[in-house]
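The lines below spell out each chain.
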Amino acid sequence: MFSNFSPALLDLFISSLWETIVMVGISGLLGAVIGVPLGVFLRLTDSGGVLHSPGTNRIVGGIVNAVRSTPFIILLVAIIPLTRLLTGSSIGTAAAVVPLTIAAAPFIARLVETALREVDNGLIEAAQAMGATTWQIVLKVLLPEALPGIVAGLTISLVSLTGYSAMAGAIGGGGLGDLGIRYGYQRFLPEVMLAVVLVLILFVQAVQSLGDWAVRRLSHK
């Protein structure tokens, strides 16, 4: 079945896998850089938060929900001008990182907010009673206590980004999705499509297993 896999196609497969890893890794990192502080802010300004501010929370939360509710394929096309402005192109691996990051950040923010909600309010009240500042509460109470949940959320985000990166191949985003569409679909090579699916499954399993291991380690601590 895989007789059509020439050395050139195998090389292309390896480079496409690397492009997928780069897209998911960079967009996951940038999404976390934006999403984690955003999630902390949403928790601090929410009901019972240290910086309780209903109006601000509703505005920021509404923006987060709006981006999250936009289907990725629509977001991918809608921000092409921004993508071209930032990367100089609307196709390729670098261009795909822009919509992937925008899609990841609000998703991560909500997962972080949910993890922070699980922190016992008694710990926060005790820190306030001892005169801790907001930054001290965040860095020494909220984030350390919620770290296993945050890591679990980041793992879920990376898994979702893997699927999104394959979708980005529909408009020339590179990676395994692009390979599957150009060779598996357009050139009628079902074995290429099957191989792409199998590699994506293995990649997701590896990411999920690594994330689960990290959560177990952090939970034991």
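In this text the structure is predicted, and so the values were computed from the model without any measurement.

A.B. asks: Would you mind going over the nonpolar core with me for this structure?
C.D. replies: Note that soluble globular proteins tend to have their nonpolar side chains buried in a common cluster. Val112 and Leu142 are the most contacted members of the largest nonpolar core, which has 33 residues in total. Within the residue set of this core, elements represented by two or more residues are helix H1 (7-45), helix H3 (72-78), helix H5 (93-117), helix H6 (121-129), helix H7 (134-168) and helix H9 (190-220). For this core, the element with the most residues is H5, which contributes ten residues. Other than its neighbours up to four places away in sequence, Val112 contacts Val36, Gly39, Val40 and Ile150. Core analysis: the next-biggest nonpolar cluster, separate from the first, contains ten residues, Phe13, Tyr183, Val192 and Leu200 among them.

A.B. asks: What is the right way to read the packing of aromatic side chains from this model?
C.D. replies: Any aromatic ring pair is given by two values, namely how distant the centres are and how the planes are angled relative to each other. All told, the structure shown has one aromatic pair when counted by the stated rule. For the ring pair Phe72 and Tyr164, a centre distance of 4.6 Å and an interplane angle of 10° mean the geometry is stacked. Residue Phe72 is found in helix H3, and its partner Tyr164 is found in helix H7; the two are separated by 92 residues along the sequence. Taking the relative accessible area as the measure of exposure, Phe72 reaches 6% and is therefore buried.

A.B. asks: Help me understand the confidence of the model for the protein chain in this model?
C.D. replies: Keep in mind that low pLDDT regions are not for reading the predicted coordinates in detail. For the protein chain, the average pLDDT comes to 88, and 97% of its residues sit at 70 or higher. The lowest-confidence element of the protein chain is helix H8 (residues 175-185), averaging 80 in pLDDT; the highest-confidence one is H5, averaging 93.

A.B. asks: What am I meant to see in the side chain of Arg43 here?
C.D. replies: Within the secondary structure, Arg43 sits in helix H1. Discounting residues that sit within four places of it in the chain, Arg43 has contacts with Gly48, Gly49, Glu113, Leu116, Arg117 and Asn121.

A.B. asks: What is the right way to read empty space enclosed by the protein from this model?
C.D. replies: Empty pockets left among the atoms are what a rolling probe the size of a water molecule brings to light. All told, the structure shown has two cavities of 30 Å³ or more when counted by the stated rule. Roughly 70 Å³ of volume is contained in the largest cavity. What lines the largest cavity is simply Leu76, Ile80, Thr83, Ser90, Ile91, Gly92, Ala95, Ala96, Pro99, Ile171 and Gly173. Looking at the lining of the largest cavity, the elements that each hand over two or more residues are helix H4 (80-87) and H5. Here the lining of the largest cavity gets three residues from one element, more than from any other, and that element is H5. Broken down by class, the residue content of the lining of the largest cavity amounts to seven nonpolar, four polar and no charged. In terms of lining residues, the second largest cavity is bounded by Arg43, Leu44, Gly48, Gly49, Val50, Ile124 and Leu142.

The rules behind these values
Residues numbered from 1 in each chain as written. Predicted model: local features only at pLDDT ≥ 70, side-chain atom pairs only at ≥ 80, totals over all residues. Heavy atoms only, no water. Core = buried A, V, L, I, M, F, W, Y, C linked by side-chain atoms within 4.5 Å. Buried < 20%, exposed > 50% of the residue type's maximum accessible area, 1.4 Å probe, protein only. Helix = DSSP H or I, 4+ residues; strand = E, 2+ residues; numbered from the N terminus. Contact = heavy atoms within 4.5 Å. Phe/Tyr/Trp six-rings, centres within 6.5 Å; stacked < 30°, edge-to-face > 60°. pLDDT = per-residue confidence, 0-100. 1 Å grid on protein atoms, 1.4 Å probe; cavity = no way out; pocket = protein on both sides within 12 Å on 5 of 7 lines; lining within 4 Å. Points joined across faces, edges and corners; volume = space filled by probe spheres on them. Nonpolar A, V, L, I, M, F, W, Y, C, P; charged D, E, K, R; others polar.

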